[in-house]
Amino acid sequence: MSAPMEKVCVPGQRICRHDEKVVSGNGTYTRSGFVYASLAGYLTTKSDKDQVIIEVKTDTELNIVPTVDAVVTTRVTNVNPRFCKCSILSVGGITLKEPFRGLIRKEDVRATEKDKVEMYKCFRPGDIVVARVVSFSSEYRRHNSSFLRKSNFLTI
Amino acid sequence: MPTDSRRLTGPEETKSPYAYVKQKKKLQVLTGKRHDGRSPETLRPIFLKADVVSQARGSAYIEQDNTKVMCAVYGPREVGRKEDFSMKGIINCVFKYATFSCRYRRSYQQDSEEKDMSVQLLDALEPAVCMHKFPKAQVDIYVTVLQNDGSALAAAITCASVALANAGVDMYDLVAGCSVRIADNLVLVDPTESEEYKSQDDNPVNHGSVTLGYMPSLYQVSAITSKGEIEFEVIKKAINLCGNTSQTLYPVLQKCLNNSRFSLSLRFSLSLVRYHFCVQF
């Protein structure tokens, strides 16, 4: 439980001077040599070697969206020979409130023998796939699936 | 003209009761004091509360005497298919007067004035939000004016920025809104609806209104909008006054957000107590 005596920050509040010993973490940003809060929440500091990481934490869960390189959990909704559509359920262990649409392309399924991939043998609707986001396309997010139900190959 | 086919509108042969109300001649204050006894530079008392809509990600409610505005923030959620691709996030603003909020009844659908207000609100908020934090996602902001007694846009800006902070959307700073009404050489801060009113046969050199969105801890103006005919010197004075007044709003916003944090943790601890209670018996 968060104790009320912890320091509370609101967005735009100046926290401290920004130098080599200070790292601005989640919920903060740096501007003209100072670290400012960008979230409303409690100020926490962690020391890492000789540096101090400054973070602002909220009581509610973080607003998280899929970004490039994030590991996401998806459910397959639609499969066709070239790609399969899926809905992203969680990002890095944090469940999303609303799912995002995603796409696993045929060539992104595994690293070797890319031309021999048969989508119908890899995915079925309803499968849960853990994948890494490769890029933002103009239409969908593309994924490189890194782990598959019933199979034991792992590619990134 | 688009008609609302989903709702029963009144009979065609109706007359608004306001047709029989005597039109006011002049801005009252020109002849004397402001009707609520304030000095020209004073704001109305503000009540501000965050976390009022349980379904929304973040929300806020502001009351400036009889101006009452509610704001709810949803997302970041996926952008619709029709939006064009951008690596930055998108903010979607919907400003709406409740049908019963004004002197004249508003329609259920957004009219052009409300759409204009939505854009102005968006302009005021966009510079304050870290859009790069939610690529290809959008945040929806819904503002409803429950009662309009002047300065609705300024109240909406303040309310929406608190709601955004309450939703945990990364922001560079909060935005405080402030508006002034200019009549002749008078500059009135936080005008009420009757002070905003300008009659047809009243044409001083300077008349109009200015609304300012201000980021109090960065000392930056996020948006200015003005209406009417105003001389440069007077508008300069008005903008300065708006900025200074917005600065005084900052502690109110801070306190409101701090209180919402506190009540959250309190609620959490209460539920824990209840939980222990259940386990014991």
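Residues numbered from 1 in each chain as written. Chains lettered and ligands numbered in written order. Predicted model: local features only at pLDDT ≥ 70, side-chain atom pairs only at ≥ 80, totals over all residues. Heavy atoms only, no water.

### Details of the overall build of chain A
Which entries qualify depends on this criterion: Every helix listed is a DSSP run of H or I at least four residues long, and every strand listed is a run of E at least two residues long, numbered separately from the N terminus. The contact criterion used throughout is that any non-hydrogen atoms of two residues lie within 4.5 Å. Where accessible areas are quoted, they stem from the Shrake-Rupley method and a 1.4 Å probe; at the residue level, only the protein chains shown are allowed to cover.
Scanning chain A from terminus to terminus reveals one helix and twelve strands. Going from the N terminus to the C terminus, chain A shows its helices and strands as β-β-β-β-β-β-β-β-β-β-α-β-β. Long-range pairs, those at least 24 residues apart, make up 48% of the contacts in chain A with a sequence separation of at least 6. For chain A, the accessible area works out to roughly 8,500 Å², and carbon and sulfur atoms hold 51% of it.

### Structural notes on the environment of Val65 of chain A
All names here are of chain A. We count it as follows: Residue burial is assigned from relative accessible area. The probe radius is 1.4 Å, only protein chains are included, and a residue is buried under 20% of its type maximum, exposed over 50%, and partly exposed in between.
Note that Val65 resides in the loop between strand S7 (51–57) and strand S8 (71–79). Judged by relative accessible area, which is 5%, Val65 ranks as buried. Separated by 15 residues in sequence, Val65 and Asn80 place their C-alpha atoms 26 Å apart.

### What to know about the UniProt feature "domain: Exosome complex component CSL4 C-terminal" (unreviewed entry) in chain A
Put simply, the rule is: UniProt positions are given in the numbering used here, feature names are shortened, and annotations may be inferred rather than shown by experiment.
Mapped onto the present numbering, the UniProt feature "domain: Exosome complex component CSL4 C-terminal" (unreviewed entry) falls at residues 96–135 of chain A. Secondary structure within residues 96–135 of chain A divides into 10% helix and 45% strand; the distance between the first and last C-alpha atoms comes to 19 Å.

### With respect to the sheet that holds strand S2 (residues 14–17) of chain A
Residue and element names in this part refer to chain A. Rules: Pairing between strands is defined by DSSP: at least two bridges between them are needed. Angles here are taken between N-to-C directions and fall from 0 to 180 degrees, while the axes themselves are lines fitted to C-alpha atoms, restricted in helices to the stretch in contact.
As summarised here, the arrangement of the three strands in space is S2-S5-S4, forming an open sheet in which the pairing is antiparallel. Of all the strands in the sheet, just S2 and strand S4 (28–31) have a single pairing partner and so form its edges. Geometrically, the sheet is characterised by an average inter-axis angle of 30 degrees between neighbouring strands, direction not taken into account. As defined by bridge partners, S4 adjoins strand S5 (residues 34–37) across four bridges and the pair is classed as antiparallel. Paired with Tyr29 across the two strands is Tyr36, which belongs to S5.

### Notes on the pairing of strand S2 (residues 58–64) of chain B
Residue and element names in this part refer to chain B. Taken across its seven residues, S2 has six buried, putting it largely inside the fold. In the sheet, strand S1 (residues 46–50) pairs with S2 via five bridges, with the strands oriented antiparallel. Within the sheet, the bridge partner assigned to Leu48 lies in S2 and is Ile62. Counted between consecutive antiparallel strands, the loop separating S2 from strand S3 (residues 67–78) contains two residues, among which Asp65 sits at a positive phi close to 55 degrees.

### Examining the packing of aromatic side chains
Applied cut-off: Aromatic rings from Phe, Tyr and Trp, with only the six-membered ring used for Trp, were paired whenever their centres fell within 6.5 Å, and each pair was classed as stacked if the ring planes differed by under 30 degrees, edge-to-face if by over 60, and tilted otherwise. Think of it as a cone above the ring: NZ of Lys or CZ of Arg counts as a charge over the ring if it is within 6 Å of the ring centre and within 35 degrees of the ring normal.
Taken as a whole and judged by the stated rule, the model has five aromatic pairs over all chains. Ring geometry for Tyr29 of chain A and Tyr36 of chain A: centres 5.4 Å apart, planes at 15 degrees, overall stacked. Judged by its relative accessible area of 2%, Tyr36 of chain A falls in the buried class. Ring geometry for Phe47 of chain B against Tyr61 of chain B: centres 6.2 Å apart, planes inclined by 65 degrees, an arrangement best described as edge-to-face. Highlighted residues: Phe47 of chain B in strand S1 and Tyr61 of chain B in strand S2, separated in sequence by 14 residues. In this structure Phe47 of chain B comes out as partly exposed when scored by relative accessible area, which is 42%. Chaining the aromatic ring pairs together yields one cluster made of Tyr29 and Tyr36 of chain A together with Tyr172 of chain B. It is Arg14 of chain A that lies over the ring of Phe34 of chain A; its NZ or CZ is 4.2 Å from the centre.

### Some details on the pattern of salt bridges
Here is the rule we go by: Salt bridge, as used here, is a side-chain nitrogen of Lys or Arg placed within 4 Å of a carboxyl oxygen of Asp or Glu.
Using the criterion set out here, one finds 15 salt bridges over all chains in the structure. Among the ionic pairs, Lys57 of chain A bridges to Glu55 of chain A, the shortest N-O distance being 3.9 Å. Judged by its relative accessible area of 13%, Glu55 of chain A falls in the buried class. With a closest N to O distance of 2.9 Å, Arg34 of chain B and Glu195 of chain B form a salt bridge. In this pair, Arg34 of chain B is assigned in the loop between helix H1 (28–31) and S1 and Glu195 of chain B in helix H4 (residues 193–196), connecting sequence segments 161 residues apart. With a relative accessible area of 4%, Arg34 of chain B lands in the buried category. Owing to a relative accessible area of 3%, Glu195 of chain B belongs among the buried residues under this scheme.

### Looking at the nonpolar core
Rule in force here: The term nonpolar core refers to a set of buried residues drawn from Ala, Val, Leu, Ile, Met, Phe, Trp, Tyr and Cys, joined through side-chain atoms within 4.5 Å.
Counting 76 residues, the largest nonpolar core has Phe123 of chain A together with Phe95, Leu121, Ile141, Val143 and Leu164 of chain B as its most contacted members. Sorting elements by how many residues they give to this core places helix H3 (residues 152–166) of chain B first, with eleven residues. The next biggest cluster of nonpolar side chains, apart from the first, holds twelve residues, and it includes Ile182, Val189, Val210 and Leu212 of chain B.

### Concerning unusual backbone geometry
Notably, Ser32 of chain A is not glycine yet its phi reads approximately 40 degrees, a positive angle. Locating Ser32 of chain A in the fold gives a position in the loop between S4 and S5. One non-glycine residue, Tyr219 of chain B, lies in positive phi territory at about 55 degrees. Mapped onto the fold, Tyr219 of chain B is located in the loop between strand S8 (207–215) and strand S9 (220–229).

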